[in-house]
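# Summary of structural features
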Amino acid sequence: MEQVLEQLGLLGQLRGGGRQRRGPCPVHSHPADRERTFSVHLDKNAFQCFQADCGVKGNVLDLWAAIHRLPLYDAALHLAETFQVPRKREEEPVNGTR
């Protein structure tokens, strides 16, 4: 979670001590907003927005999908590409053939 927040430029906007951080929701609000409806727990790799009209929550992939407005599968591919994680199913030969 920490790497993803850093990549998105959000980690510095979040406040709090320890592994729990709060700040403006990157899905529904603007960076200049002072509201702190977005909460993330860095050890649990989980987040939630407590604003009634937003309510987005989940794990790292859910956050990436929400911010980039992608379906989960496309978000997973985009996240893997961003962090240069090989997609084993598609990049490795199966039974010695391609």
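These remarks concern the structure in this document. As the structure is a computational prediction, the values presented were derived from the model and not from experiment.

Moving on, we get to the pattern of salt bridges. Taken as a whole and assessed by the stated rule, the structure comprises two salt bridges. Put simply, arginine 19 and glutamate 2 hold a salt bridge, and the shortest N to O gap is 3.1 Å. Residue arginine 19 is located in the loop between α1 (2–7) and β1 (20–23), and its partner glutamate 2 is located in helix α1; the two are separated by 17 residues in the primary sequence. When its relative accessible area of 32% is taken as the criterion, arginine 19 is described as partly exposed. Between aspartate 43 and arginine 19 there is a salt bridge; the shortest N-O distance is 2.9 Å. With aspartate 43 in the loop between β2 (38–41) and β3 (46–49) and arginine 19 in the loop between α1 and β1, this pair connects stretches of sequence that are 24 residues apart. Here the salt bridges share partners, and the residues they tie into one network are Glu2, Arg19 and Asp43.

Along the polypeptide, threonine 37 turns up in the loop between β1 and β2. Since its relative accessible area comes to 14%, threonine 37 is described here as buried. When sequence neighbours within four positions are dropped, the list of residues in contact with threonine 37 reads Arg22, Gly23, Cys25, His28, Gln48, Cys49, Phe50 and Gln51.

Within the sequence span of helix α3 (residues 72–82), burial applies to Ala75, Leu79 and Ala80. An end-on view of α3 places all buried positions within 130 degrees of arc, on one side of the element. Exposed side chains of α3 directed beyond 90 degrees from the buried face belong to Tyr73 and Glu81. Buried residues along α3 sit in contact with α1 and α2 (60–68). One or two positions beyond α3, positive phi appears at glutamine 84, with a value near 55 degrees.

The next point concerns the nonpolar core. Met1, Leu5, Phe38, Val40, Phe47 and Val56 are the most contacted members of the largest nonpolar core, which has 21 residues in total. Listing elements by their share of this core, those giving two or more residues are α1, β2, β3, α2 and α3. Looking at which element gives the most residues to this core, the answer is α2, with five residues.

What counts, and at which threshold
- Residues numbered from 1 in each chain as written.
- Predicted model: local features only at pLDDT ≥ 70, side-chain atom pairs only at ≥ 80, totals over all residues.
- Heavy atoms only, no water.
- Salt bridge = Lys/Arg side-chain N within 4 Å of Asp/Glu carboxyl O.
- Helix = DSSP H or I, 4+ residues; strand = E, 2+ residues; numbered from the N terminus.
- Buried < 20%, exposed > 50% of the residue type's maximum accessible area, 1.4 Å probe, protein only.
- Contact = heavy atoms within 4.5 Å.
- Arc of directions from axis to C-beta.
- Core = buried A, V, L, I, M, F, W, Y, C linked by side-chain atoms within 4.5 Å.

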